[in-house]
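Overview (structure and organization)
One-letter residues, chain by chain:
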Amino acid sequence: QARLIVAKAAGCVGYGRKLLDHPSQCVRFAAVRSKNLLRPEDAKAAFLDGASSKKLKKFLLKCPTMPVDAEVLDHAWQLFGEKDRERFWELLAVTKDEELFERWCAKGSEMSRWLDDQSRVSFLPQLAQRFPKSIVGLVKEGVLKWRWYWMKDLLNIDPTMVLEAVHLLHCDEGSGPRKGYDPMEKNQPLVSTVSMWGWRFQPEKMLAICKEATKDLVKKLASYLMEITSTRAALTQNKKLDLLMRIWKQLPDTDKEDRNL
C-alpha cells in the first residue's frame, strides 16, 4: 500500500505493472484503476495473458489506459460476452475505433439483438458525440430507437442528418422528452418534438425538407410550426406566418390548387 501511495504521488508511469500480481486485491484494483500507473501496452498485455486471473481481467476492463482494439474485444467476448452483454457493452462503448464499433453493432449481430431488447442503454450520449454517423446508421437499420436523452446531442452536432432521417427516411420510432421533464409523465411524441425543435433552431433546414417532402408531410410540418408555444428560442406569430408563406411559395402549383392543403 505504501509503495502504491508513493507511486501515485510521484506519477510513476508504468509502475502499476509490478503490482498486478500483488497478493492484495485492493492493491491490484488500485494499480489498475489509477490514472497513468499502467501503460496502455502493459494493460493490454496483462488482459490478453492467459496466466492473468479472471478477477484481474475484470479489473482491467475499466482501466483508464486500456486500448480497446479488435484483439481486446475478441478476447473479452470469449471471456464473458455470451453471459454478460452489459459488461461487454461497457468495454465496446469506450472504443475510439468507429469501424470496429460498427462491426460489433451491425444489424444481425449478437450485440444488435441485445441493444434491441434494452429500454435504456448506457453510454449512448457519449457515443452520439463520438460517432454520430454510426449511431444514426444504427437507427436507420432498426438496431436502435430514438431516445431524447441522446438524440438532443445529435441534433446539436448534425441537425441535417437527424432531421432528414426522421422526416424523409421515416426513421421515426422512439420517444421525445418527458412532458415538462417530469419523470412521472409520459413521453412526448417524437416526430412533433423533433419538428418543433427544427423550426425553432434550424428553420432553413426545415424549409429544405419541406421542399423534398410529400404533400401530406408538408401539411404536418406546417401544423407543427403553428403549434409551437415554447419560450426557448421562441417563434413570434409574425415569424411563424413568414415561414408558413415561404412553405407555400415552395409548393408546386398543382398542390396549391388543392383546397384541403
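Quick note: structure is the one above.
Report on the accompanying structure. (Residues numbered from 1 in each chain as written. Predicted model: local features only at pLDDT ≥ 70, side-chain atom pairs only at ≥ 80, totals over all residues. Heavy atoms only, no water.)

Brief notes about the packing of helix α6 (residues 85–92) against helix α7 (residues 98–105)
The cut-off we apply is this: Note on definitions: angles span 0 to 180 degrees between N-to-C directions of axes, and those axes are lines fitted to C-alpha atoms, for helices only across the stretch in contact. Strands here are runs of E lasting at least two residues and helices are runs of H or I lasting at least four, both read from the DSSP assignment and numbered beginning at the N terminus. Note on terminology: angles under 35 degrees are roughly parallel, angles over 145 are roughly antiparallel, angles of 65 to 115 are roughly perpendicular, and the others are oblique. In a left-handed crossing the near helix is turned counterclockwise from the far helix by less than a right angle, and in a right-handed crossing that turn is clockwise. When checking whether two residues touch, look at their non-hydrogen atoms; a contact exists if any pair is within 4.5 Å. The classification used treats Ala, Val, Leu, Ile, Met, Phe, Trp, Tyr, Cys and Pro as nonpolar, Asp, Glu, Lys and Arg as charged, and all other residues, Gly among them, as polar.
Put simply, α6 and α7 touch, their axes get as near as 11 Å, and they point 160° apart. One finds that α6 runs roughly antiparallel with respect to α7. Relative to α7, the crossing made by α6 is left-handed. Contacts between α6 and α7 involve Phe88, Trp89 and Leu92 from the first element and Phe101, Trp104 and Cys105 from the second. Class assignment for the residues of the contact of α6 with α7 results in six nonpolar, no polar and no charged.

Overview of unusual backbone geometry
Short version of the rule: Buried residues are those whose accessible area, probed at 1.4 Å on protein chains only, stays under 20% of the maximum for their type, while exposed residues exceed 50% and partly exposed ones sit between those limits.
Phi angles above zero are rare outside glycine, and Phe123 is one such case at about 75°. Structurally, Phe123 is set in the loop between α8 (110–117) and α9 (124–130). What makes Phe123 partly exposed here is its relative accessible area of 28%. The residue Ala233 is not glycine, and still its phi comes out positive at about 50°. As for its placement among the helices and strands, Ala233 is situated in the loop between α15 (215–227) and α16 (237–250).

By themselves, these are just geometric observations and shouldn't be taken as functional.
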